[in-house]
Amino acid sequence: MSTSVDALGGSPLANDTLLRALRREPVEHTPVWLMRQAGRYLPEYNATRARAGSFLALARNPELCAEVTLQPLARFPLDAAILFSDILTVPDAMGLGLSFAQGEGPRFAHPLRDEASVRALAAPDLEDLRYVFDAVACIKRALAGRVPLIGFAGSPFTLACYMIEGGGSDDFGRVRRMAYARADLLARIVDINTQAVTAYLDAQVAAGADALMLFDTWGGLLTRSAYERFSLEPMRAILRALRPGRDGRSVPTIVFTKGGGGWLDALASSGASGIGLDWTVDIAQARARFGAVVALQGNLDPLVLTTDPATVVREAGAIVRAAGPGPGHIFNLGHGIVPAADPENVAALVETVHNVSREIHSASRVARLT
Ligand code: CP3
């Protein structure tokens, strides 16, 4: 098995298929990891969360973050770990006052509801996010070079959605109205988030993250021109500004705009190594059009994991075959795993991706040699 030097410049990774796939280099099998792979579908996650007292107490405890990050890897031979944290740590550190009501979702005590609060907004002191960087370092030690660790942040626009609305929303109406009526204010929020996210991601890499992902969960709500201005351009600015990793190479990056399937042309030129696809995208077509330019990640409907192993094997196999033998596919869900997912189905998924892709990759190697 080939090895690569990890971001801390020393210990080799036993399994670096994710990093190779993101660089569109050949792999023996398609790497697979799942958005929200450490989460409520796992009884051991619920137990640790209960011990911590709340989701936020868990996210602020580096040792417990390491414990839950490794839980899915103990069950399934996944090809990557993802930092256990949340995208809303950054606006929390800007003083917006994050809480999670039981069974409800995030709430900010001080959302950006008037011009004065937007004027007063500033990028956070990274010291207030030290618990996240400590978690990265703690997870790196616990992983001991088994697989790469993915760090992440919310996109500047998706963070702005929660900062303006003050929580989740079906349509983020306040934000969309602001994009038309007070574009200057939205531009200011997104600018400050861009500075904040760049520094936050650089610090995750300095602490040991091997790859980075930007979650643009709500960019798909915008018109194409507003998407370019308020979501894509800020993500481009972050990707341009990121410092190299400790090995001197650029850090592999993934950008995921949910609902961005119609804008893959723009996303392909974002500067990211890979683009996340939601389940509405035809991955064979996306690979044919953009596979020579960027890696593609995805894109099983998360609800398939609430069915049965035979259905999972069929649907996951179809995606691996549709993605084909060329380099640059990372298997994932089209959005985060849901609490109702059955761990037995996750096991079937990971096994199917590895087995089917190994066959496809070795058949294409033989074809190239003959
Ligand atoms: O992928 C992983 O395993 C890493 C952990 C991770 C979490 N949140 C943990 C979490 C990641 C990458 C996120 C990102 C995140 N957080 C996003 C972007 C990705 C996406 O899903 O679109 C967003 C929009 C958030 C904001 C957020 N955090 C919401 C809307 C919620 C509540 C929704 C829900 O599922 O209940 C959270 C809470 C949250 N973040 C949980 C987890 C495991 C569930 C909280 C709990 O344990 O009670």
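Residues numbered from 1 in each chain as written. Predicted model: local features only at pLDDT ≥ 70, side-chain atom pairs only at ≥ 80, totals over all residues. Heavy atoms only, no water.

(A) Spatial organisation of the side chain of Ser-231. Counting through the fold element by element, Ser-231 comes out in helix α11 (residues 224–241). A polar contact of 2.7 Å, which involves the side chain of Ser-231, links it to the side chain of Asp-216. Once you skip the residues sitting within four places of it in the chain, Ser-231 turns out to touch Phe-157, Asp-216, Gly-219, Leu-222 and Ala-226. (Helix = DSSP H or I, 4+ residues; strand = E, 2+ residues; numbered from the N terminus. Polar contact = N/O pair within 3.5 Å; in protein donor to acceptor, adjacent residues only side chain to side chain. Contact = heavy atoms within 4.5 Å.)

(B) Fine view of the site of the ligand. Taken together, 23 residues lie near the ligand, and Arg-36, Arg-40, Tyr-45, Arg-49 and His-335 sit nearest. Contact distances for the ligand include 2.5 Å between an oxygen atom and a side-chain N or O atom of Arg-40. Between a nitrogen atom of the ligand and a side-chain N or O atom of Asp-86, the distance comes to 2.6 Å. Compared with its free state, where it exposes 870 Å², the ligand has 88% of that area covered by protein. Contributions of two or more residues to the shell around the ligand are made by α2 (43–52) and β5 (105–108). Along the lines of polarity and charge, the residues of the shell around the ligand split into 14 nonpolar, five polar and four charged. (Near = heavy atom within 4 Å. Areas by Shrake-Rupley, 256 points an atom, 1.4 Å probe, with all protein chains shown as cover. Nonpolar A, V, L, I, M, F, W, Y, C, P; charged D, E, K, R; others polar.)

(C) Fine view of the pairing of strand β7 (residues 211–216). Counting buried residues in β7 gives six out of six residues, a clear majority hidden from the surface. Here strand β6 (residues 149–154) pairs with β7 via five bridges, running parallel. From the neighbouring strand, Phe-152 faces β7, where its bridge partner is Met-213. The pairing of β7 with strand β8 (residues 253–257) spans five bridges and is parallel. Considered in β8, the bridge of Met-213 is made with Ile-254. Crossover handedness for the path β7 to α11 to β8: right-handed. (Buried < 20%, exposed > 50% of the residue type's maximum accessible area, 1.4 Å probe, protein only. Pairing = 2+ DSSP bridges. Right-handed = clockwise from strand over helix to strand, strands pointing away.)

(D) Highlighting unusual backbone geometry. The residue after Gly-298, namely Asn-299, is reached through a cis peptide bond having omega -5°. The topology assignment puts Asn-299 in strand β10 (residues 295–300). Although it is not a glycine, Ala-144 sits at a positive phi angle of roughly 50°. Summarising the element assignment, Ala-144 is placed in the loop between α7 (130–143) and β6. Residues other than glycine seldom take positive phi values, yet Phe-172 does so here, at roughly 45°.

(E) Just the packing of aromatic side chains, in detail. According to the stated counting rule, one finds eight aromatic pairs in the structure shown. For the ring pair Tyr-162 and Phe-172, a centre distance of 5.5 Å and an interplane angle of 75° mean the geometry is edge-to-face. Of this pair, Tyr-162 sits in helix α8 (residues 156–165) while Phe-172 sits in the loop between α8 and α9 (173–181); the two residues are 10 residues apart in sequence, bridging distant segments of the chain. Summarising the burial analysis for this pair, Tyr-162 and Phe-172 share the class buried. Taken together, the aromatic side chains of Tyr-45, Phe-55, Phe-84 and Phe-100 make up a single cluster linked through ring pairs. (Phe/Tyr/Trp six-rings, centres within 6.5 Å; stacked < 30°, edge-to-face > 60°.)

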